[in-house]
Amino acid sequence: MSFQRKLLTIAAFLTIIPYGTQAQGRLEINAGISTPGTYAFADWAFDEDPIDSKHFPDGKLSNLTQESYNCTLYPSLSVEMACRLSDSGTGLKGRLSLVGMAGLHMADYQPLSIFSPDADIQKAVKADVLLGLRYRIIETSHLTMYSQAMAGVDFRNGCQYWTVTDDASRDGRNEFVYQLTFLGFRVKLGHKTSHLGVMTELGYGSEYVLGNLFVLLPGIRAGFSYRF
């Protein structure tokens, strides 16, 4: 399946979520931008650590061609849909929502080699789709605070970046992805009948995390939200 067809599959998945849950409650859609996901941990440039024993365990430059590159990571873009399982607002079911997300991640990749110092820059693109549950901790007329957990699969283009940064992608299989949102906040904008809001999420996973500063340091996702 081509990368373009995989993107269409993700779009179709997001389209059917509202229809499959329409009878169960109110729908919320948000679009956001975030720090890159956990794939940023694998990013390593040769000029930053040229004698790291992890990359050259035999004491030789045997991995130089494979492991050396320049890379620029870009913020991730994503769309999220959440639908209440119940409108009662009481009990466990009244606080749960079915939630789905589609993310798009990009990086510029340039292989480094003494034989081709001016190699072309390639565009690495990864799209993923996740499904899970949201638990609304606090909900008032203007503020919602929640936590959520999602899991799914990703779809990558053929850029070499995904091969040199992740051994799991060498056989071409789709990789399991996940996102844990420790805390999410939605604040309504405008008057009482307004459907528009702003949202911020703090979490760890394939969608957003703060690079390799610290393994469990949460990433940040922010954007706009609309409720139907």
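Residues numbered from 1 in each chain as written. Predicted model: local features only at pLDDT ≥ 70, side-chain atom pairs only at ≥ 80, totals over all residues. Heavy atoms only, no water.

### Points about the packing of aromatic side chains
- Counted according to the given criterion, the structure contains six aromatic pairs.
- For the ring pair Tyr39 and Trp162, a centre distance of 5.8 Å and an interplane angle of 75 degrees mean the geometry is edge-to-face. Taken as a pair, Tyr39 in the loop between β1 (27–34) and α2 (64–67) and Trp162 in helix α4 (residues 161–165) lie far apart in primary sequence, 123 residues in all.
- Counting every residue linked through ring pairs, the aromatic cluster contains Tyr39, Tyr109, Tyr161 and Trp162.
- Across from the ring centre of Tyr146, 3.9 Å away, lies the NZ or CZ of Arg134, which sits over that ring. (Phe/Tyr/Trp six-rings, centres within 6.5 Å; stacked < 30°, edge-to-face > 60°. Helix = DSSP H or I, 4+ residues; strand = E, 2+ residues; numbered from the N terminus. Lys NZ or Arg CZ within 6 Å of the ring centre and 35° of its normal.)

### A short note on the pairing of strand β8 (residues 196–205)
- Judged from the nine bridges that link them, strand β7 (residues 176–188) and β8 form a sheet pairing that is antiparallel. Bridging from a neighbouring strand, Thr181 pairs with Gly203 of β8.
- In terms of strand pairing, β8 meets strand β9 (residues 219–227) through eight bridges, oriented antiparallel. Counterpart to Leu202 in the pairing with β9 is Ile220. (Pairing = 2+ DSSP bridges.)

### Here's the deal with the environment of Ile137
- The residue Ile137 is located in strand β5 (residues 122–139) in this model.
- Judged by its relative accessible area of 32%, Ile137 is partly exposed.
- Between the C-alpha atoms of Ile137 and Ser147, which are 10 residues apart in sequence, the distance is 7.2 Å.
- Excluding its chain neighbours within four sequence positions, the residues that come into contact with Ile137 are Arg95, Met145, Tyr146, Ser147 and Leu183. (Buried < 20%, exposed > 50% of the residue type's maximum accessible area, 1.4 Å probe, protein only. Contact = heavy atoms within 4.5 Å.)

### Some words on the nonpolar core
- Counting nine residues, the largest nonpolar core is built from Tyr39, Tyr69, Ala107, Tyr109, Ala124, Cys159, Tyr161, Trp162 and Val164.
- Of all the elements in the fold, those that place two or more residues in this core are β4 (96–111) and α4.
- In terms of residue count, α4 provides more of this core than any other element does, three residues in total.
- Of all hydrophobic cores here, the second largest spans six residues; its members include Ala82, Met101, Leu130 and Val177. (Core = buried A, V, L, I, M, F, W, Y, C linked by side-chain atoms within 4.5 Å.)

### Considerations on empty space enclosed by the protein
- Throughout the structure, instances matching the rule amount to one cavity of 30 Å³ or more.
- Of the volumes computed, that of the largest cavity is approximately 90 Å³.
- Lining the largest cavity are Arg26, Glu28, Ala82, Cys83, Arg84, Ser97, Arg134, Arg136, Glu139, Thr144, Tyr146 and Arg227.
- Taken together, the elements giving at least two residues each to the lining of the largest cavity come down to β3 (76–84), β5 and β6 (143–156).
- By residue class, the composition of the lining of the largest cavity is three nonpolar, two polar and seven charged. (1 Å grid on protein atoms, 1.4 Å probe; cavity = no way out; pocket = protein on both sides within 12 Å on 5 of 7 lines; lining within 4 Å. Points joined across faces, edges and corners; volume = space filled by probe spheres on them. Nonpolar A, V, L, I, M, F, W, Y, C, P; charged D, E, K, R; others polar.)

### Focus: the confidence of the model for the protein chain
- Scored by pLDDT, the protein chain has a mean of 78; 68% of the residues are at 70 or more.
- Per-residue pLDDT stays below 50 along residues 45–63; that stretch engages in 19 contacts with residues further than four places along the chain or on separate chains. (pLDDT = per-residue confidence, 0-100.)

### Observations regarding the pattern of salt bridges
- Summed over all chains, the structure comprises 13 salt bridges.
- Note that Arg134 and Glu80 form a salt bridge whose closest N and O atoms lie 2.9 Å from each other. You can see Arg134 sitting in strand β5 and its partner Glu80 sitting in strand β3, a full 54 residues away along the chain.
- Notably, a salt bridge pairs Glu80 with Arg221, separated by 3.7 Å at the nearest N-O pair. Here Glu80 is found in strand β3, whereas its partner Arg221 is found in strand β9, with 141 residues between them in sequence. Arg221 carries the same exposure label as Glu80, and that label is buried.
- Residues joined in a network through salt bridges with shared partners are Glu28, Glu80, Arg84, Arg134, Arg136, Glu139, Glu201, Arg221 and Arg227. (Salt bridge = Lys/Arg side-chain N within 4 Å of Asp/Glu carboxyl O.)

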